[in-house]
Amino acid sequence: QINEAEAVLFSVPSYACQRRTTLDNCNTTLTDALSLLAENAELSEEDGRGVAFRRAAAVLKALPVRVTAMSQLKGLPCLGDHSLRVIKDILENEASSEVESTKHSERFKALKVLTGIFGVGPRTAERWIREGIHNLHQLRESGVTLNRAQQAGLEHYDDLNQQVTKAEADAIAEIVQKAVDSVLPSAQITLAGGFRRGKQTGHDVDFLITHPEEGREVGLMPKVVSWLESQGFLLYQKVTRNSYLEVNDGPGRPSSNMDRFERCFSIFKLAKREERGTKVTENTVKTKDSVGAHMHSETDQSPPSHSHELDQHDSTNRRWRAVRVDLVVSPISQFAFALLGWTGSKLFERELRRWAGHEKAMSLSSHALYDNKQSRYLRAASEEEIFTHLGLEYIPPSERNA
Ligand code: 8DG
Ligand code: MN
Ligand code: MN
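Residues numbered from 1 in each chain as written. Chains lettered and ligands numbered in written order. Predicted model: local features only at pLDDT ≥ 70, side-chain atom pairs only at ≥ 80, totals over all residues. Heavy atoms only, no water.

K.L.:
Can you explain the sheet that holds strand β10 (residues 376-378)? Please cite residues and give values.
P.N.:
The three strands lie next to each other as β8-β9-β10, forming an open sheet whose pairing is antiparallel. One side of each edge strand has no neighbouring strand; the edge strands of this open sheet are β8 (362-364) and β10. Neighbour-to-neighbour, the strand axes of the sheet open up by a mean angle of 25°, direction not taken into account. (Pairing = 2+ DSSP bridges. Helix = DSSP H or I, 4+ residues; strand = E, 2+ residues; numbered from the N terminus. Axes fitted to C-alpha atoms, helices over the stretch in contact; angles between N-to-C directions.)

The following block contains the structure:
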């Protein structure tokens, strides 16, 4: 029994997938700090610590008021000693010394700049840092071999580190719709990822593609990609079979359906708004993302030496810009799972899976939901049905911003 003085101010369930987390966040100072520590942990391949900080940040995002005193945190889940120390530091001293020193450390800055290159993960960045490569200039001079993705990532670094706007996402959607209509009429595209959650900007644009008749989606991805390529919309593309980890975390072998699930990591060449000829009432001046600009000035000190480089760096002189786009093709029978899985946020997804496994003895993936007790797959034609199977209240996309 809880006595009066210890009563919790807010009751927050411990799994993020049990909570409604909108984009309104009254605790950005605290959540930015914890997110930075999470990012640092992830960049250092300490995923456990990363998740702990992400969970702590997510709890603060779900609070309806700004936290001003430690006493308000009593009884809240997911706040470990380390996160509490950071929060206390900020409430008492305006800033956390750990966050500040991390933010300004050469290692963190180098990891951030290098992993900011499309195709470069923490492991590669770490190796380059050990070889004395800390910024883009040093990378360009180093002569290390870059794969095709990394070459494209380096070439379009500034564009790809500038947030994609909703207007740009809509313009990409139009192109993808046209591609799909041209190669398979009545195939459907759905915007997923952060934009589906109501975000106004994102680091990429995510689309799911399906067809109302099961099986008609087979072979669709290569056709869509060929069409886009023939129209000059692609700067980079890599189509992969669905072969990531989650296929293996379900019991038994993946059904043959799963081989159909294909995705494409791409970089689109998007005409700038004035070139696309949209309404003049819209703001035609693109403001550069402040973080990107800051990182660029601090880390990439290479002077634009030859004309090619000048062309790549002076984006104002170009009629187009590079935008990261993810395409996923799903058979209609798996569509609800794919949609749920690709809408995010990443933490929300992780928590859904943890809930399924730990609380329900089920395995959730973006293909299927398997009930370990009944030893069978549970079908679902909508996200709502999946939440019902999981014994969770339905959380709409706009409230999955954990
Ligand atoms: P942003 O782009 O607006 O910055 O954020 P986002 O849209 O939330 O993030 P994202 O990195 O584009 O990822 C969108 C969703 O896609 C996210 O919930 C996780 C999911 N996703 C991947 N990779 C994979 C994967 O390999 N398998 C599955 N099932 N989902 C994935 O990003
Ligand atoms: Mn996204
Ligand atoms: Mn994505």
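K.L.:
Describe the coordination of the manganese ion (ligand 3), naming the residues involved and giving the relevant values.
P.N.:
Distances from the manganese ion (ligand 3) to its protein donors, D204 (OD), D206 (OD) and D326 (OD), fall at 2.1 to 2.3 Å. Read from N- to C-terminus, the donor residues coordinating the manganese ion (ligand 3) fall into the pattern D-x1-D-x119-D. In this structure, the manganese ion (ligand 3) lies 3.6 Å from the manganese ion (ligand 2), and both are coordinated by D204. You can see D204 sitting in the loop between β3 (201-202) and β4 (205-210) and its partner D326 sitting in strand β7 (residues 320-329), a full 122 residues away along the chain. Assessed through its relative accessible area of 8%, D326 is described here as buried. (Donors = N, O, S within 2.8 Å, 3.2 Å for Na, K, Ca; no water. Buried < 20%, exposed > 50% of the residue type's maximum accessible area, 1.4 Å probe, protein only.)

K.L.:
Would you mind going over the packing of helix α1 (residues 28-43) against helix α3 (residues 81-93) in detail, with residue names and values included?
P.N.:
Interhelical geometry of α1 versus α3 gives an angle of 135° and a closest axis separation of 10 Å. In terms of orientation, α1 and α3 fall into the oblique class. Seen along the crossing, α1 lies across α3 with a hand that is right-handed. Side by side, α1 and α3 meet where T29, L30, A33, L34 and L37 of the first sit next to S83, V86, I87 and I90 of the second. Each residue belonging to the contact of α1 with α3 can be placed in one class, and the counts come to seven nonpolar, two polar and no charged. (Parallel < 35°, antiparallel > 145°, perpendicular 65-115°, else oblique. Left-handed = near helix turned anticlockwise from the far one by under 90°. Contact = heavy atoms within 4.5 Å. Nonpolar A, V, L, I, M, F, W, Y, C, P; charged D, E, K, R; others polar.)

K.L.:
Before we move on, could you go through the nonpolar core and cite the residues and values that matter?
P.N.:
Grouped together as the largest cluster of nonpolar side chains are 39 residues, with contacts concentrated most on L34, L60, I117 and W128. Mapped by element, the contributors of at least two residues to this core are α1, α2 (47-61), α3, α5 (106-115), α6 (122-130) and α7 (136-142). Take this core: its biggest share by element is seven residues, from α1. Two domains each donate at least three residues to this core, and these are domain 1 (4-102) and domain 2 (105-155 + 282-307). With sequence-adjacent residues up to four places away left out, I117 is seen in contact with W128, L136, L139, Q150, G153, L154 and Y157. Counting residues in each nonpolar core, the second largest holds 30 residues, with V176, I189, F195 and C264 among its members. (Core = buried A, V, L, I, M, F, W, Y, C linked by side-chain atoms within 4.5 Å. Domains from an automatic or database assignment.)

K.L.:
Would you mind going over the coordination of the manganese ion (ligand 2) in detail, with residue names and values included?
P.N.:
The reference angle at a metal is 109.5 degrees if four donors form a tetrahedron and 90 or 180 degrees if six donors form an octahedron. Within the protein, the manganese ion (ligand 2) binds to D204 (OD) and D206 (OD); these donor distances fall in the range 2.0 to 2.1 Å. Under the relative-accessibility criterion, D204 is labelled buried at 6%. Given a relative accessible area of 10%, D206 falls into the buried group.

K.L.:
Kindly report on the site of ligand 1, identifying the contributing residues and their values.
P.N.:
By nearness alone, 18 residues border ligand 1, and G194, H203, D204, K346 and S366 come closest of all. Interatomic distance of 3.1 Å between a side-chain N/O atom of D206 and an oxygen atom of ligand 1. Interatomic distance of 2.9 Å between a side-chain N/O atom of R263 and an oxygen atom of ligand 1. Look at ligand 1: alone it shows 630 Å² of surface, and the protein chains cover 82% of it. Sorting the residues of the shell around ligand 1 by element identifies α11 (193-196), α17 (335-343) and α18 (346-360) as the ones contributing at least two each. (Near = heavy atom within 4 Å. Polar contact = N/O pair within 3.5 Å; in protein donor to acceptor, adjacent residues only side chain to side chain. Areas by Shrake-Rupley, 256 points an atom, 1.4 Å probe, with all protein chains shown as cover.)

K.L.:
So what's going on with the UniProt feature "binding site: Mg(2+)" (unreviewed entry) in the protein chain? Which residues, and what values?
P.N.:
Residues annotated in UniProt with the feature "binding site: Mg(2+)" (unreviewed entry) correspond here to D204, D206 and D326. A maximum C-alpha distance of 7.3 Å places the annotated residues, which cover 123 residues in sequence, within one compact spot. Examined against the element boundaries, D206 turns out to sit in strand β4. With residues near it in sequence (within four places) discarded, D206 still touches T190, L191, A192, G193, G194 and D326. (UniProt positions renumbered as here; feature names shortened; annotations may be inferred.)

K.L.:
Account for α3, with residues named and values stated.
P.N.:
Taking 1.5 Å per residue, 13 residues should reach 18 Å; α3 reaches 18 Å between its end C-alpha atoms and fits that length. Within the sequence span of α3, burial applies to S83, V86, I87 and I90. Considered in projection along α3, the buried side chains sweep an arc of 95° and stay on one side of the axis. Across from the buried face of α3, at angles greater than 90 degrees, the exposed residues are D81, R85 and E92. Where α3 is buried, its residues meet α1, α2 and α4 (97-103). (Expected span 1.5 Å × (residues − 1). Arc of directions from axis to C-beta.)

K.L.:
Describe unusual backbone geometry, naming the residues involved and giving the relevant values.
P.N.:
In this structure, S345 follows G344 across a cis peptide bond, with omega equal to -5°. Relative to the elements of secondary structure, S345 occurs in the loop between α17 and α18. With a phi angle near 75°, E94 is a residue other than glycine that sits in the positive phi range. Here E94 shows up in the loop between α3 and α4.

K.L.:
So what about the sheet that holds strand β2 (residues 188-191)? Which residues, and what values?
P.N.:
Read from one edge to the other, the open sheet built from five strands follows the order β2-β4-β7-β6-β5, with strand pairing classed as mixed. The open sheet has two edge strands, β2 and β5 (234-241), and neither has a second partner. Pairwise comparison of adjacent strand axes, ignoring direction, gives a mean angle of 25° for this sheet. One ladder, built from four bridges, connects β2 with β4; its direction is antiparallel. When the sheet's bridge partners are listed, Q188 is paired in β4 with T210.

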